[in-house]
Amino acid sequence: MKNNRKIKSFTLSEIIVVLILTSIVVGLAFSVLGLVQKQMLAIQSNYNKSLELQKLETSLWLDFNRYSSIHYNTIENQLVLKHELDSVSYTFSRDYIIKTQDTFQIPLETKLLYFNGVLSETKKVDAIKLRTTKVYQNRELFIFKKNDASTFMD
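Residues numbered from 1 in each chain as written. Predicted model: local features only at pLDDT ≥ 70, side-chain atom pairs only at ≥ 80, totals over all residues. Heavy atoms only, no water.

Student: Which parts of the structure should I look at to understand the overall build of the chain?
Tutor: Secondary structure assignment for the chain yields two helices and nine strands. Of the regular secondary structure in the chain, the N- to C-terminal order runs α-β-β-β-β-β-β-β-β-β-α. Relative to its length of 154 residues, the chain is extended, with a C-alpha radius of gyration of 31 Å against a globular reference of 15 Å. Here the C-alpha coordinates of the chain stretch approximately 120 × 30 × 25 Å along the principal axes. By the burial criterion, 27% of the 154 residues in the chain qualify as buried. In the chain, once contacts between residues fewer than 6 apart in sequence are set aside, the share between residues at least 24 apart is 40%. By element, 59% of the accessible surface of the chain is carried by carbon and sulfur atoms, the whole surface being about 11600 Å². One way to put it: in the chain the 20 positive side-chain charges average out to a point 18 Å from where the 15 negative ones average out. (Helix = DSSP H or I, 4+ residues; strand = E, 2+ residues; numbered from the N terminus. Rg over C-alpha atoms; globule rule 2.2 N^0.38 Å. Buried < 20%, exposed > 50% of the residue type's maximum accessible area, 1.4 Å probe, protein only. Contact = heavy atoms within 4.5 Å. Areas by Shrake-Rupley, 256 points an atom, 1.4 Å probe, with all protein chains shown as cover. Lys, Arg positive; Asp, Glu negative; His and termini not counted. Charge placed at Lys NZ, Arg CZ, Asp CG, Glu CD.)

Here it is, written out as structure tokens:
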């Protein structure tokens, strides 16, 4: 007796077509994965920038309302906040702001100082308006404090 059973299998051309289609699908999947990773990095970068700006804003709000005397030194480009027991200073540079031991990597486009609702020509300050560069979407911060009688007695 002769055994003439055929084994069911795929032809070589069918296997090549499947391999080509599989490689195309895998290539597309890796391309999409690369795009998603780029988007995630952009989102993370924006979040970090927003967080850095929020830290600066919080720090300025706390210090403006904690210290009774705020003066600006134009020579050193430094905002000095004082009260009887303590003081803190913010040094403004083109690409960063230094507060004692903290550094905020925030480039500023403009910095305006106010006293009593008017742009400050004197050293006294009770409000500050900061505008960031395009890197930080030109965001603006406006920080102020309410003046008490001791501010006007000096």
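Additional details are given in the paragraphs that follow.
Student: Explanation requested: the environment of Thr 110 in the structure shown.
Tutor: On the secondary structure map, Thr 110 appears in strand β6 (residues 108-115). Overall, Thr 110 belongs to the partly exposed group, its relative accessible area being 36%. Through-space distance from the C-alpha of Thr 110 to that of Lys 129 is 8.0 Å; in sequence the pair is 19 residues apart. What Thr 110 contacts, discounting residues up to four positions off in sequence, is Lys 129, Leu 130 and Arg 131.

Student: Is there a simple way to explain the sheet that holds strand β1 (residues 69-73) in this structure?
Tutor: Paired through backbone hydrogen bonds, the strands of a sheet run either parallel or antiparallel to each other. What the five strands build is an open sheet, ordered β1-β2-β3-β4-β5; its pairing is antiparallel. The open sheet has two edge strands, β1 and β5 (102-104), and neither has a second partner. For this sheet, the mean inter-axis angle between neighbouring strands, taken without regard to orientation, is 15 degrees. By the bridge criterion, three bridges tie strand β4 (residues 97-99) to β5 in an arrangement that is antiparallel. Across the sheet, residue Lys 99 finds its bridge partner in β5, namely Asp 102. (Pairing = 2+ DSSP bridges. Axes fitted to C-alpha atoms, helices over the stretch in contact; angles between N-to-C directions.)

Student: Please explain the packing of aromatic side chains as it appears in this structure.
Tutor: Aromatic ring pairs: the centre-centre distance and the angle between the two ring planes describe each pair. Per the counting criterion, the structure on display carries three aromatic pairs. Their ring planes at 75 degrees and their centres at 5.1 Å tell us that Trp 61 and Phe 144 sit as a pair that is edge-to-face. In this pair, Trp 61 sits in helix α1 (residues 12-66) while Phe 144 sits in strand β9 (residues 140-144), placing the two residues 83 residues apart along the sequence. A relative accessible area of 27% means that Trp 61 is categorised as partly exposed. One aromatic cluster in this structure is built from Trp 61, Tyr 114, Phe 142 and Phe 144. (Phe/Tyr/Trp six-rings, centres within 6.5 Å; stacked < 30°, edge-to-face > 60°.)

Student: Just to check I follow, could you spell out the environment of Leu 119 for this structure?
Tutor: If you trace the backbone, Leu 119 turns up in strand β7 (residues 118-119). Spatially, the C-alpha atom of Leu 119 lies 24 Å from that of Tyr 136, the residues being 17 residues apart in sequence. Excluding anything up to four places from it in sequence, Leu 119 contacts Leu 112, Leu 113 and Tyr 114.

Student: Looking at this structure, I do not really get the pattern of salt bridges. What am I missing?
Tutor: Two side chains bearing opposite charge may form a pair once their charged atoms approach each other closely. For the coordinates displayed, the defined rule picks out five salt bridges. Where Asp 63 meets Arg 66, a salt bridge forms, and the shortest distance between an N and an O atom there is 3.3 Å. Placement of the pair is Asp 63 and Arg 66 together in helix α1, with a separation of three residues, close to one helical turn. Between Lys 99 and Asp 63 there is a salt bridge whose closest N-O contact spans 3.1 Å. Pair noted here: Lys 99 is in strand β4 and Asp 63 is in helix α1, with a separation of 36 residues, a long-range link. Assessed through its relative accessible area of 1%, Asp 63 is described here as buried. (Salt bridge = Lys/Arg side-chain N within 4 Å of Asp/Glu carboxyl O.)

Student: So what exactly am I meant to see when it comes to the side chain of Lys 99 here?
Tutor: Relative accessible area serves as the criterion here: at 16%, Lys 99 is assigned to the buried category. Residues in contact with Lys 99, not counting those within four places in the same chain, are Ser 59, Asp 63, Val 88, Ser 89, Tyr 90 and Phe 104.

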